[in-house]
Amino acid sequence: MVENEKAVAAMRQFLEALGLDLTALGMEKTPHRVAETFARFFSGLQENPDDEWNNPIVTQSKGLVSVRNIRFHSLCEHHLLPFFGTVHIVYYPKANRIAGFGHFVRAVDILARRPQLQERMTEELCQSIVRGLDPEGVLIVVKATHLCLTMRDQLAIDSNIMTTATAGCLTAGTDAYKEAWKLVMEEKQDG
């Protein structure tokens, strides 16, 4: 990866402004490492999740499709601290058009590799699926732990945040919406 010298210099200046003596602490390479790491963390800005839906699969599927427990990590745009969790997607295909499951994972990853708000990421994923697959309906549920909350407030150590986005026939209040939520909430049954 080509190193961004401007980012390295800015990180060095930032750390020194906080009173850190990088040489005395053995942190001379830290500005380089941080710049390189954040370039990776924000690489989703150069990608478009809509590209994941370019080659839909046509099947005879007539029911709801659910892709659950997609793990992600991102950085909140307010504090640049991590938040991480799971994404659950339920959609109702239209005209038998579906996408391979890996495309959902990659779309989540693209959106997570940006400075992000959980609420926006949830809605952007929903709208990307709507634009790309034109389904009858979509339900997105994101559950995450935010270190900007848990590290700063001991009372919030076990907290998590849930956000949803819906479209089409899976909008709140419909029978299909209730059916979709059952798929999201269903626990794995043993044996």
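The structure displayed is predicted, hence computed values, not measured ones.

Colleague: Hey, could you run me through the UniProt feature "domain: GTP cyclohydrolase I" (unreviewed entry) in the protein chain in this one?
Modeller: According to UniProt, the feature "domain: GTP cyclohydrolase I" (unreviewed entry) maps to residues 9–182 in the numbering used here. Counted over residues 9–182, helix gives 35% and strand 27%. Its end C-alpha atoms are 51 Å apart.

Colleague: Would you mind going over helix α1 (residues 5–17) with me for this structure?
Modeller: Working note: α-helix, 3.6 residues per turn, so residues spaced by three or four point in the same direction. For α1, with 13 residues, the first-to-last C-alpha span of 18 Å sits near the 18 Å given by 1.5 Å per residue. The N-cap residue of α1 is Asn4: its side-chain oxygen and the backbone nitrogen of Lys6 are 3.0 Å apart. One or two residues past the end of α1 sits Gly19, with phi positive at roughly 95°.

Colleague: Please clarify how the nonpolar core should be interpreted in this entry.
Modeller: Burial of nonpolar side chains together is a common tendency in soluble globular proteins. Judged by nonpolar contacts, the single largest core of 29 residues is most densely connected at Phe72, Val87, Ile89, Phe104, Leu125, Ile129 and Ile140. Mapped onto this core, the elements with two or more residues apiece are β2 (65–76), β3 (82–92), α3 (101–112), α4 (118–133), β6 (137–146) and β7 (161–168). Those residues in contact with Phe72 that lie beyond four places of it in its chain are Phe83, Phe84, Gly85, Thr86, Val87, Val108, Ala112, Met121, Val142, Lys143 and Ala144. If you look at the next biggest cluster of nonpolar residues, it comprises ten residues, including Leu139, Val141, Trp181 and Val184.

Colleague: So what exactly am I meant to see when it comes to the environment of Gly132 here?
Modeller: Tracing the sequence through the fold places Gly132 in helix α4. Sequence separation between Gly132 and Asp50 is 82 residues; the distance between their C-alpha atoms is 6.0 Å.

Colleague: I keep staring at the UniProt feature "binding site: Zn(2+)" (unreviewed entry) in the protein chain and nothing clicks. Help me out?
Modeller: In the UniProt entry, the feature "binding site: Zn(2+)" (unreviewed entry) is given for Cys76, His79 and Cys148. The greatest C-alpha distance among the residues just named is 7.8 Å, despite their covering 73 residues of sequence, which places them together in space. Its location among the elements puts Cys76 in strand β2. Looking at where His79 falls in the secondary structure, it is placed in the loop between β2 and β3.

Colleague: Help me out: how do you make sense of the packing of aromatic side chains in this one?
Modeller: For any pair of aromatic rings, the description rests on two quantities: the centre-to-centre distance and the angle between the ring planes. Throughout the structure, instances matching the rule amount to six aromatic pairs. Relative to Phe83, the ring of Phe72 lies with its centre 5.8 Å away and its plane at 75°, an arrangement referred to as edge-to-face. Of the two residues, Phe72 sits in strand β2 while Phe83 sits in strand β3, which places them eleven residues apart along the sequence. Of the residues examined, Phe72 reaches a relative accessible area of 6% and is grouped as buried. Geometrically, the ring pair formed by Tyr177 and Trp181 is edge-to-face, given 6.3 Å between the ring centres and 70° between the ring planes.

Colleague: Any chance you could explain the environment of Thr166 here in plain terms?
Modeller: The residue Thr166 is located in strand β7 in this model. Owing to a relative accessible area of 25%, Thr166 belongs among the partly exposed residues under this scheme. Considered as a pair, Thr166 and Val130 are 36 residues apart in the sequence and their alpha carbons are 9.8 Å apart. Beyond its immediate sequence surroundings of up to four residues, Thr166 is in contact with Cys126, Val138, Leu139, Thr171, Ala172 and Tyr177.

Colleague: Just checking my understanding: could you explain the pattern of salt bridges for this structure?
Modeller: Evaluated as defined, the whole model comprises eight salt bridges. A salt bridge links Arg120 to Glu124, with the nearest nitrogen and oxygen atoms 3.8 Å apart. In this pair, Arg120 and Glu124 both sit in helix α4, four residues apart, roughly one turn of the helix. Since its relative accessible area comes to 29%, Arg120 is described here as partly exposed. Each of the salt bridges in this network shares a partner with another, and the network as a whole consists of Glu47, Asp109 and Arg113.

Colleague: Which parts of the structure should I look at to understand the side chain of Arg113?
Modeller: Topologically, Arg113 is positioned in the loop between α3 and β5 (115–116). There is a polar contact of 2.8 Å between the side chain of Arg113 and the side chain of Glu47. Of the polar contacts made by the side chain of Arg113, one reaches the side chain of Asp109; its length is 2.9 Å. Arg113 has contacts with Arg40, Phe41, Phe42, Ser43, Gly44, Leu45 and Glu47, leaving out every residue within four places of it along the chain.

Reading the values: rules and limits
- Residues numbered from 1 in each chain as written.
- Predicted model: local features only at pLDDT ≥ 70, side-chain atom pairs only at ≥ 80, totals over all residues.
- Heavy atoms only, no water.
- UniProt positions renumbered as here; feature names shortened; annotations may be inferred.
- Helix = DSSP H or I, 4+ residues; strand = E, 2+ residues; numbered from the N terminus.
- Expected span 1.5 Å × (residues − 1).
- Polar contact = N/O pair within 3.5 Å; in protein donor to acceptor, adjacent residues only side chain to side chain.
- Core = buried A, V, L, I, M, F, W, Y, C linked by side-chain atoms within 4.5 Å.
- Buried < 20%, exposed > 50% of the residue type's maximum accessible area, 1.4 Å probe, protein only.
- Contact = heavy atoms within 4.5 Å.
- Phe/Tyr/Trp six-rings, centres within 6.5 Å; stacked < 30°, edge-to-face > 60°.
- Salt bridge = Lys/Arg side-chain N within 4 Å of Asp/Glu carboxyl O.

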